[in-house]
Amino acid sequence: VCTVLGAGAGAAVGLALLLAHLRRHSVEGRLLRAIDQDALDVEYQPVVRITDGALVGAEALVPWRDRDGRMVSPVRFIPIAEENGSIGRITQLVLRRVAADFGDVLAAPGEFRINVNISAADLDNSRFHASMAQTLDAAGIARERIGIELTEHSTTARDIAVSGTKRLRELGHHVYIDDFGTGYSSLAYLAELDVHALKIDRSFTRTIGTDAVKVSLVPQIIDLARTLGLQVVIEGVETEAQRDWLRAVDYPLYAQGWLFGRPMPAAELRALLNAQR
Ligand code: C2E
Ligand code: MG
Ligand code: MG
Ligand code: MG
């Protein structure tokens, strides 16, 4: 009986794996087609100064509206793109779109900055550096107007991260560690990376304004940033209570989150920007 059950379970696991494989395979095919057809959307989420809510920049994000309008989160398809090597094309697509959507704003004098997310694989890819140079130069966009976000997870290849972020900094980009607090960076590593800013992951933001704030690590991370002279962006601010708590912090903070604006099409962000002027 045991043998029969075992074989049955084995077959079920095998079938589940096969289905997962097929599903992934079809996601992969559709993703590559979407890249070929330049059919990925790029949306922009406002970044604001916490004290007065002023719009200081935006983060470019790539939601993917699959056939039949279904949304596929980048959390699902970016890892696939990193594995099959198409991530470089996604990064290029986003940069080109940023230049097309906001080239005029970014080429004019000002502080407004747009951040793009890159993957560790981009960092030591000479084609990434070349195509970014070409895209930005053609649009007349100075490097300091483009922020580069790198997740703490993707900074595990230490040598590459250190030399790659250094190169970006020397070119003039603002460099951010994304989802800070969820990875495994040591303090020594953080100092060596020498970035401009930390983006505190929204899993920490959630504890703000609740009793858990007593044990929250947010004040500690802000102190760390103060010591290292880094800017801080808080991700995922959803409530006024969270905003008020952050306003009371004695350090200049920036924030992103649904309270201030969801990721939106370029035209909507433009309207916000114009309204502020
Ligand atoms: P991330 O860079 O940390 O982006 C922030 C994510 O949090 C976005 O999800 C955004 O929509 C979401 N978010 C913002 N405010 C709130 C809020 O108040 N509440 C909640 N619940 N969520 C909020 P999204 O667009 O699904 O992106 C997820 C991740 O995918 C990004 O995290 C980033 O790591 C990656 N990603 C997105 N676009 C790109 C890209 O162009 N290239 C690369 N390499 N990765 C990307
Ligand atoms: Mg990001
Ligand atoms: Mg983030
Ligand atoms: Mg994130």
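Cut-offs and rules
Residues numbered from 1 in each chain as written. Chains lettered and ligands numbered in written order. Predicted model: local features only at pLDDT ≥ 70, side-chain atom pairs only at ≥ 80, totals over all residues. Heavy atoms only, no water. UniProt positions renumbered as here; feature names shortened; annotations may be inferred. Near = heavy atom within 4 Å. Polar contact = N/O pair within 3.5 Å; in protein donor to acceptor, adjacent residues only side chain to side chain. Areas by Shrake-Rupley, 256 points an atom, 1.4 Å probe, with all protein chains shown as cover. Helix = DSSP H or I, 4+ residues; strand = E, 2+ residues; numbered from the N terminus. Donors = N, O, S within 2.8 Å, 3.2 Å for Na, K, Ca; no water. Salt bridge = Lys/Arg side-chain N within 4 Å of Asp/Glu carboxyl O. Buried < 20%, exposed > 50% of the residue type's maximum accessible area, 1.4 Å probe, protein only. Expected span 1.5 Å × (residues − 1). Contact = heavy atoms within 4.5 Å. Core = buried A, V, L, I, M, F, W, Y, C linked by side-chain atoms within 4.5 Å. Pairing = 2+ DSSP bridges. Axes fitted to C-alpha atoms, helices over the stretch in contact; angles between N-to-C directions. Arc of directions from axis to C-beta. pLDDT = per-residue confidence, 0-100. Phe/Tyr/Trp six-rings, centres within 6.5 Å; stacked < 30°, edge-to-face > 60°.

- The chain is annotated in an unreviewed UniProt entry as cyclic-guanylate-specific phosphodiesterase of Luteimonas fraxinea.
- Quoted verbatim from the Catalytic activity (unreviewed entry) field of the UniProt record, the comment on the chain reads "3',3'-c-di-GMP + H2O = 5'-phosphoguanylyl(3'->5')guanosine + H(+)".

1. A short note on the site of ligand 1
Argument step 1. In the neighbourhood of ligand 1, 24 residues make up the surrounding shell, with Glu 59, Asp 178, Arg 202, Glu 238 and Trp 258 lying closest.
Argument step 2. Side-chain polar atom of Glu 238 to a nitrogen atom of ligand 1: 2.5 Å apart, as the coordinates give it.
Argument step 3. Considered on its own, ligand 1 offers 810 Å² of accessible surface; in the complex 85% of this is hidden by protein.
Argument step 4. Those elements that provide at least two residues to the shell around ligand 1 are strand 2 (55-61), helix 2 (74-84), helix 3 (87-107), strand 5 (113-118) and strand 7 (174-180).

2. Notes on the coordination of the magnesium ion (ligand 3)
Argument step 1. Donor atoms from the polypeptide that coordinate the magnesium ion (ligand 3) comprise Asp 178 (OD), Asp 179 (OD) and Glu 235 (OE), at 1.7 to 2.4 Å from the metal.
Argument step 2. When the donor residues of the magnesium ion (ligand 3) are listed from N- to C-terminus, their spacing reads D-D-x55-E.

3. Thoughts on the pattern of salt bridges
Argument step 1. Overall, the coordinates contain 14 salt bridges when judged by the stated rule.
Argument step 2. The salt bridge involving Asp 66 is made with Arg 70; its shortest N-O contact spans 3.9 Å.
Argument step 3. The partly exposed category is assigned to Arg 70, whose relative accessible area is 43%.
Argument step 4. Residue Asp 223 is joined to Arg 226 by a salt bridge in which the shortest nitrogen-to-oxygen separation is 3.7 Å. On the criterion of helical spacing, the pair formed by Asp 223 and Arg 226 is a turn pair, its members being three residues apart in helix 9 (residues 218-228).
Argument step 5. Linked by salt bridges that have partners in common, Arg 30, Asp 66 and Arg 70 make up one network.

4. Description of helix 5 (residues 126-139)
Argument step 1. Helix length check: helix 5, at 14 residues, gives a terminal C-alpha distance of 20 Å against a target of 20 Å (1.5 Å per residue), a fit within 8%.
Argument step 2. Within helix 5, the full set of buried residues consists of Phe 128, His 129, Ser 131, Met 132, Ala 133, Thr 135 and Leu 136.
Argument step 3. The elements touched by buried residues of helix 5 are helix 3, strand 5, helix 4 (120-123), strand 6 (146-151) and helix 6 (158-171).
Argument step 4. The N-cap of helix 5, judged by a side-chain oxygen 2.8 Å from the amide nitrogen of Arg 127 a few residues on, is Asn 125.
Argument step 5. Looking at the residues trailing helix 5, positive phi occurs at Gly 140, about 70°.

5. Observations concerning the nonpolar core
Argument step 1. Ranked by internal contacts, the top residues of the largest apolar core, which has 72 residues, are Tyr 44, Ile 90, Val 98, Phe 112, Val 116 and Ile 146.
Argument step 2. The element that contributes the greatest number of residues to this core is helix 3, accounting for 10 residues.
Argument step 3. Excluding residues within four positions of it along the chain, Val 98 makes contact with Tyr 44, Ala 60, Gly 103, Leu 106, Ile 114, Val 116 and Ile 146.
Argument step 4. If you look at the next biggest cluster of nonpolar residues, it comprises five residues, including Val 47, Tyr 176, Ala 197 and Val 233.

6. Details of the sheet that holds strand 2
Pairing between the strands of a sheet comes from backbone hydrogen bonds, and it takes one of two forms, parallel or antiparallel.
Argument step 1. Taking strand neighbours around the barrel as the criterion, the eight strands line up as 1-2-5-6-7-8-9-10 in a closed arrangement whose pairing is mixed. On average, each strand axis in the sheet is tilted by 30° relative to the strand beside it, whichever way the strands run.
Argument step 2. Alignment of strand 1 (residues 43-49) against strand 2, held across six bridges, turns out to be antiparallel. Looking across to strand 2, one finds that Glu 43 is bridged to Leu 61.
Argument step 3. This element, helix 3, spans strand 1, strand 2, strand 5 and strand 6 of the sheet and lies at about 180° to strand 5.
Argument step 4. Contacting strand 5, strand 6 and strand 7, helix 6 crosses the sheet at an angle of about 135° to strand 7.

7. Comments concerning helix 2
Argument step 1. Among the residues of helix 2, Phe 77, Ile 78, Ile 80 and Ala 81 are the ones counted as buried. End-on, the buried residues of helix 2 take up no more than an arc of 165°, which puts them together on one face. Seen from the buried face of helix 2, the exposed residues on the opposite side, beyond 90 degrees, are Val 75 and Glu 83.
Argument step 2. For helix 2, the N-terminal cap is Ser 73; the gap from its side-chain oxygen to the backbone nitrogen of Val 75 is 3.0 Å.

8. Considering the confidence of the model for the chain
Argument step 1. On average, residues of the chain score 90 in pLDDT, and 95% of them are at 70 or above.
Argument step 2. As a predicted assembly, this complex carries a pTM of 0.91 together with an ipTM value of 0.96.

9. As for the packing of aromatic side chains
Argument step 1. Evaluated as defined, the whole model comprises three aromatic pairs.
Argument step 2. Centre to centre, the rings of Tyr 44 and Phe 102 are 4.8 Å apart; their planes meet at 80°, and the pair counts as edge-to-face. Of this pair, Tyr 44 sits in strand 1 while Phe 102 sits in helix 3, and the two are 58 residues apart along the sequence.
Argument step 3. Residue classification places Tyr 44 among the buried residues on the basis of a relative accessible area of 0%.
Argument step 4. The interplanar angle of 45° and the centroid separation of 6.5 Å between the aromatic rings of Phe 102 and Phe 112 together place this pair among those described as tilted. Of the two residues, Phe 102 is situated in helix 3 and Phe 112 in the loop between helix 3 and strand 5; the sequence distance between them amounts to 10 residues.

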